Amino acid sequence: MLEARDLRKSFGALTVTNRVSLEVARGERRVLLGPNGAGKTTLFNLLVGELRADGGQILIDGRDVTGLSVDARARLGLARSYQKNNLFGGLTVRENLSLAAACAQGRARTPWADSLSDRGVAEAVDEVAQRVGLTELLEVPVDTVPYGARRRLEVGLALAARPRVLLMDEPTSGIGPGGIHAFHALLRGLPAELTIVIVEHDMDLAFEVADRVTVLNYGEVVFDGPPREARDSALVREIYLGTWDGDA
Amino acid sequence: MTADVSFWIVQALNALQLSMLFFLLSVGLTVIFGLLHFVNLAHGALYALGAFVGFTAATLAGSYWAAFAAAPIVVALVGVLLYWALIRRMRSAGPMNQVLVTFGLIFVFLDVFRIGWGDIALGFAEPELFSGRSELLGVVYPTYRLFIIGLGLAVLAALSLVLTRTQIGAIIRAGVDNDAMAACMGINVERVFFLVFCVGCALAGLAGAVAAPVLSVTTDMGTAILIPTLIVVVIGGLGSLKGAIAGSLLIGFVQTFGSVLAPQLAAILIYALLAGVLILKPAGLFPARG
Amino acid sequence: MFHQTPLKTATVLLLAGLAVAYGLSTGFFGLELLTEVAILAILAIALDLVAGYGGMISLCHGALYGVGAYAFGSATVLLGWGAPAGLAMAVGGGALFAWAIGAVTARTHGIFFIMATLAFGQMAYAYLFESPVFGGNDGLPGVPRLDASALGLDLNDSLTFALTCLALALLAYAVSAALLRSGFGRTLVGIRANEARMRVLGLPVWRHKAAAFGVSGALAGLAGALAAQHTMYISPGLLHWTVSGELLIMVILGGLGTLVGAALGAGVLVFLKHEVSRFTDHWHLVVGLVLIAAVLAGGRGLYGQLEHLWERRRAARRAPPETPAPDEETTGHA
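Keep in mind that this is a model prediction, so the values were computed, not measured.

Before going further, it helps to examine the sheet that holds strand β7 (residues 165-169) of chain A. Residue and element names in this part refer to chain A. Pairing is mixed in the open sheet, where six strands are placed in the order β6-β7-β8-β3-β9-β10. Each end of this open sheet is capped by a strand with a single partner; those strands are β6 (78-81) and β10 (220-225). Within this sheet the neighbouring strands show an average axis-to-axis angle of 15°, counted without direction. Inspection of the sheet shows strand β3 (residues 29-33) paired to strand β9 (residues 212-217) by four bridges, in the parallel sense. Bridge pairing links L32 to T214 in β9. Across the sheet, helix α5 (residues 147-160) touches β6 and β7, and the angle it forms with β6 is around 175°.

All names here are of chain C. Note that E311 resides in helix α13 (residues 301-318). For E311, a relative accessible area of 26% gives the class partly exposed. With 174 residues separating them along the chain, E311 and N137 place their C-alpha atoms 49 Å apart.

Another point: helix α6 (residues 167-177) of chain B. Those residues of α6(B) that sit buried are B:G169, B:I171, B:I172, B:A174, B:G175 and B:V176. Taking the backbone nitrogen of B:G169 as reference, a side-chain oxygen 3.0 Å away marks B:T166 as the first, capping residue of α6(B).

Let us now look at the interface of chain C and chain B. Accessible area lost upon the coming together of the parts serves often as the stated size of an interface. Counting residues at the interface gives 37 residues for chain C, matched by 42 residues for chain B. A buried area of about 3,400 Å², summed over both sides, lies between chain C and chain B, and 87% of it is on carbon and sulfur atoms. Considering only the surface of chain C that becomes buried against chain B, C:F112, C:W241 and C:H284 emerge as the three largest contributors, covering 18% of it. Between chain C and chain B we count zero salt bridges in total.

Here we take up the packing of α6(B) against helix α8 (residues 189-211) of chain B. Residues and elements named next belong to chain B. Two elements in contact, α6 and α8, have axes separated by 10 Å at closest approach and are oriented at 95°. The orientation of α6 with respect to α8, classified from their angle, is roughly perpendicular. In this structure, α6 contributes I168, I171 and I172 to the contact, and α8 contributes V192, L195 and V196. Classifying every residue of the contact of α6 with α8 gives six nonpolar, no polar and no charged.

Turning our eyes to something else, we now look at the domain arrangement of chain A. Residue and element names in this part refer to chain A. The domain boundaries assigned to chain A delineate domain 1 (1-77 + 163-248) and domain 2 (88-161). Here the C-alpha centroids of domain 1 and domain 2 sit 25 Å apart. Taken together, the contact pairs 14 residues of domain 1 with nine residues of domain 2. Of the roughly 850 Å² buried between domain 1 and domain 2, counting both surfaces, carbon and sulfur atoms make up 66%. Counting across the domain 1 and domain 2 interface gives zero salt bridges. In this assembly, domain 1 and domain 2 are joined by two residue pairs in polar contact (both at pLDDT 80 or more). Among the secondary structure elements, those contributing two or more residues to the side of domain 1 that touches domain 2 are β7 and α6 (176-189). Tallied by class, residues from the side of domain 1 that touches domain 2 come to nine nonpolar, three polar and two charged.

Formed by 261 residues in total, the largest nonpolar core has its most connected members in A:L33, A:L97, A:L166, C:I111 and C:L239. It is helix α2 (residues 28-51) of chain C that contributes the most residues to this core, 17 residues altogether. Counting only domains with at least three residues in this core, you end up with domain 1 (1-77 + 163-248) and domain 2 (88-161) of chain A. Not counting residues within four places of it along the chain, the set of residues in contact with A:L166 comprises A:A79, A:A158, A:L159, A:L190, A:L194, A:T195, A:I196 and A:V197. A:L43, A:F44, A:L46 and A:L78 belong to the second-largest nonpolar core, a separate cluster that totals 27 residues.

Moving on to the confidence of the model for chain A. Residue and element names in this part refer to chain A. Taken residue by residue, chain A gives an average pLDDT of 89. The fraction at 70 or more is 97%. The least confident element of chain A, judged by mean pLDDT, is helix α9 (residues 234-247) at 63; the most confident is helix α3 (residues 93-104) at 96. In this model, residues 244-248 is a region of pLDDT below 50 whose contacts with residues beyond four sequence positions or in other chains number three contacts.

Rules used in this analysis
Residues numbered from 1 in each chain as written. Chains lettered and ligands numbered in written order. Predicted model: local features only at pLDDT ≥ 70, side-chain atom pairs only at ≥ 80, totals over all residues. Heavy atoms only, no water. Pairing = 2+ DSSP bridges. Helix = DSSP H or I, 4+ residues; strand = E, 2+ residues; numbered from the N terminus. Axes fitted to C-alpha atoms, helices over the stretch in contact; angles between N-to-C directions. Contact = heavy atoms within 4.5 Å. Buried < 20%, exposed > 50% of the residue type's maximum accessible area, 1.4 Å probe, protein only. Polar contact = N/O pair within 3.5 Å; in protein donor to acceptor, adjacent residues only side chain to side chain. Buried area = accessible area lost by both parts, 1.4 Å probe. Salt bridge = Lys/Arg side-chain N within 4 Å of Asp/Glu carboxyl O. Parallel < 35°, antiparallel > 145°, perpendicular 65-115°, else oblique. Nonpolar A, V, L, I, M, F, W, Y, C, P; charged D, E, K, R; others polar. Domains from an automatic or database assignment. Core = buried A, V, L, I, M, F, W, Y, C linked by side-chain atoms within 4.5 Å. pLDDT = per-residue confidence, 0-100.

Structure, rendered in structure tokens:
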């Protein structure tokens, strides 16, 4: 469903993505692990097209999208959420979700019909709000809702885009144990055919949801396999233990 | 053939002289933007103020050098007033509010000039030391214009020396690159910013006094030079000293040679150049931030 | 997001009513002022559409206005076409020029966008200033007005012309409001709020921005065609960047991103200039100080401030003063 072949990216002398290859099957839940600075977010930026790769290929559903723009890839069903909230400031939660839903439903550019009051858009907004637990806050400006709600909206925006492939960058960062629990419930409730890649910091949490785990270190894939093997892998342990004291 | 060559030499000197005026103006504008993130449309008005103050000083004292000394000082003082009254609180207000407030300042200055000096074009004589003509590279050229070129080069040399060799220069370069980092250096960064702002204003005032004997002093001289100066700054890359030099030379030469070679197109040429640069390199030729 | 609130509707109707009453009671000179206000209101609305809602602070709307005036002037004076064809040329020319500028500048932001639009506007200004075909610096005299006798209107009559311009200003408002209430308009606001996210959601952002700029250019072109008919004369001065600057003043005085504020600002600035120049030659000084004061006061503008106070009072009335009611609709129907 989503495939990266031999992706490379450098900033000057610093290689942040080094020959990364990755194949995620339809409906798979893949977790990307790695210490800070391993190149997880960069990989997302490359996959989505916000960064141009220096080399390599990206395929969605077997189609080469390496040359496509960010928006063209999104229209093929690729959506992402961000590690740092990247919302539509000054607008309400409903307006935020409506913008995403209108894009997904081809209502974003019609000069005659309103997208806010469109039934299809409104239904999608209500459904996503329900999923991420924002129904109560729909009419509140995003700048005034609590941080945890903004994290959920961050995921909600990606969901409202009706993706076929969903990339989530540390969706659980900074939301506390209750939020993490709710997030896992949300994940379990998502359609089985949706392909999901999650960047996660916490190994134990990652192993709970992952079908397969990819570990990055210094921009390279150092492990790719089922969670059980990752747990037992000495290399993975070493990478994590090696950075654990410094990070936490 | 020799007449031909000397014609081009004269044009090149004209272009260089114009470039130096642009440089004196744009260097202040660009460093102020780079450090303070402030777009000052009133920079042209400060240049005009320099010319008017210079006119009054030269008339009162009977010497050009009075203008040369008074213009930068007075304009820097006005700059201080503007800084405390307006610019400090507009720094984080976004480009649109800055453009609007300084556009308002242009209007205010315009009428201040009218009230203070009237609507008639004024002029004052160049200094006796540099009056007449000199021979250079086999052409006869007004000495005063050579003085402008020399002054521009001297300012350029002094600024690059300060920027590359002194601690203040290092702070300025760090500040353009990254404010937070400059603040971490533990020095009072605000004071350095303020100093830079004053120097930028003084240079604008100096440019006004220096240009006055060549061009005439009019109320709209500030608005007239503002646009090419902004173009210089944007083409060069906001905040970049190297960009200000390159942009000044580029615009000075394109404008001078454009009006000689293709008078029909000359006026459009610099705008087309700006549009082209912005499309191909949206951050200018020498962006200050890497 | 844009909402045609009752307050907005009331303000539009009040302004229109005031303008008609003023037009019917004033003499020739007053009608000239009223016409100018109506035309500039269209232009200011066009600017607010992209600047207030799309976040595209343009310094080329004077040039779009001038291009409309020149398209109308050259179609009627130089080509000898009728005024309807001239009008179509003005609207189409403004739209086309604006679309091209919007497309090319779509990737620039902030001060770079402002400068890029300035450059394109000044390019058009410089071209017309130098061009012998269009009369250069002298411009083109003898621009005719539209013959609307079929509708029983004599546009050479000052009152009729003023009221026609006023009606077109209302139309421009209605068209802009309708556009802002559509999916297109919502997305435009989304681009202002977070352009990168809009792109990641699958929107071809540059096409959207260029289209919005094109619509704005069509309205500016219409305003230009009316200005050419109003003074029956066109000159490059219409395109100068200071015209665009004054337009921004109008929009900020009335309230950026409120649409009706743009029209209000046009009226306030034209009458302020007029009143001030009765006492002194130095209207620049007064307008400059008013502008600085308006920005320092928070930049909401007259209508923006009114709306702000109105919303606060409504919120206070509906809920106990210390807890605002965030979970209620604070704006009118969409």
